[in-house]
Amino acid sequence: MEPVSLDRTQILVLNYNGRALLEECLPSVVEAARRSPIPCSVIVVDNDSTDDSLVWLAVNCPEVQAIRRPNRGLTSFNDVLADRGERFVFLLNNDVKLAPDSVAPLLRAFDDHPDALFTAPQCWTFDGQTYEGMRTRVRTRFGMVQGMSRVPGHESTAHLADLTAAAGPVLAVDRARFLALGGYDPIYFPGRIEDLDLGFRGWMAGLRGYYIPESVAYHKGFATFAPELGEERCDGLAIRNTLIFAWKNLRGRRLASHLAWLTVRLARGGRIFRQAFLEAAARWREVLQARRALHADTVGWVDRQEAFFQRFEW
């Protein structure tokens, strides 16, 4: 591992079969890195793409390094960060564009907030018309925990700095704290809900995520997942991983409520929900192992859990 450095940063872009997305988005990322207040380079973390992503990158962006990893979704970031030396690192999906001056505000926020695990920008769709986040709130609906940014009244608060429960496609992380928490949990592979899980674990450890609207990004949304998996499979993964999140993380009355609603959902839910439940149940040993590791220190767990929901529920 490289020695820790405070005078440089890094933007990591996760890619899987996304040559067209790299062509569309990467120039803005390179420009944002160029305008960073400290030296900042860009690395594409390629999840073993089978398209011509790496060929396009070598020809068109020779200044951007590529690191090839097996396709482990967001958890590919874990190994890469373990080998880096920067204190703060940006983690981006390949369907994200950055505004030119988006880097500096996210870095400054770490100085302003000593308890920061991550910082996240104000995010919009590519056309700038629809708010994407990352001022994330949570709600519990029929026993299922959901992270959402477009909550009622978000139009009047999107420009206000605040805490956030999660940040998915674009964020900056304190690398050491991210790794100390275990990074993204591979139990959610191939994806969905990892960001909420990270934000929750950070909160339980006394760390916080900060929404910094001075920084702006643009997100295409499901540009990799939808073509590869299809809409129905994406919906199923969201349900499966929401179940895993509850079984892994929740305790007390919230877990009891989830289990009570689960019996109702299984009786009345449709095929997609039942299939998602079976897939989550098939990972029960992994879930139980993760739960035991997470709850090794149970003192005050429920109180901290409830503080999380009281802070972010709407």
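Going by the structure above, here's the rest.
Residues numbered from 1 in each chain as written. Predicted model: local features only at pLDDT ≥ 70, side-chain atom pairs only at ≥ 80, totals over all residues. Heavy atoms only, no water.

Concerning the pattern of salt bridges
Tallied over the entire structure, the rule returns 25 salt bridges. A salt bridge links Arg69 to Asp83, with the shortest nitrogen-to-oxygen separation between them at 3.9 Å. With Arg69 in the loop between strand E3 (65-68) and helix H3 (76-82) and Asp83 in the loop between H3 and strand E4 (88-93), this pair connects stretches of sequence that are 14 residues apart. Across the salt bridge formed by Arg72 and Asp79, the nearest N and O atoms sit 3.7 Å from each other. Look at Arg72 and you get partly exposed, because its relative accessible area is 39%. For Asp79, a relative accessible area of 40% corresponds to the partly exposed category. Via salt bridges that share partners, Glu31, Arg34, Arg35 and Asp101 belong to a single interconnected network. (Salt bridge = Lys/Arg side-chain N within 4 Å of Asp/Glu carboxyl O. Helix = DSSP H or I, 4+ residues; strand = E, 2+ residues; numbered from the N terminus. Buried < 20%, exposed > 50% of the residue type's maximum accessible area, 1.4 Å probe, protein only.)

So, the packing of aromatic side chains
A full pass over the atoms with the stated rule returns 13 aromatic pairs. With centroids separated by 4.2 Å and ring planes inclined at 20°, the aromatic side chains of Phe88 and Phe110 adopt a geometry described as stacked. One end of the pair, Phe88, is in strand E4; the other, Phe110, is in helix H4 (residues 103-112), with 22 residues separating them in the sequence. Exposure class is identical for Phe88 and Phe110. Each is buried. With a centroid separation of 5.9 Å and 75° between ring planes, the pair formed by Trp203 and Phe308 is classed as edge-to-face. (Phe/Tyr/Trp six-rings, centres within 6.5 Å; stacked < 30°, edge-to-face > 60°.)

As for helix H9 (residues 252-268)
Taking 1.5 Å of rise per residue, 17 residues should cover 24 Å, and H9 covers 25 Å from first to last C-alpha, within 8% of that figure. Within the sequence span of H9, burial applies to Arg254, Leu255, His258 and Leu262. Turning to H9, the residues buried within the fold contact strand E8 (137-141), strand E9 (144-148), helix H8 (231-249), helix H10 (271-282), helix H11 (284-294) and helix H12 (301-312). (Expected span 1.5 Å × (residues − 1). Contact = heavy atoms within 4.5 Å.)

A word on the packing of helix H6 (residues 194-204) against H12
H12 packs onto H6 with a crossing angle of 125° between their chain directions and a minimal axis gap of 9 Å. With respect to H12, the axis of H6 lies oblique. The chirality of how H6 crosses H12 is right-handed. Residues Leu196, Gly199, Phe200, Trp203 and Met204 of H6 lie in contact with H12, whose contacting residues are Trp301, Arg304, Gln305, Ala307, Phe308, Phe309, Arg311 and Phe312. When its residues are assigned to classes, the contact of H6 with H12 shows 9 nonpolar, 2 polar and 2 charged. (Axes fitted to C-alpha atoms, helices over the stretch in contact; angles between N-to-C directions. Parallel < 35°, antiparallel > 145°, perpendicular 65-115°, else oblique. Left-handed = near helix turned anticlockwise from the far one by under 90°. Nonpolar A, V, L, I, M, F, W, Y, C, P; charged D, E, K, R; others polar.)

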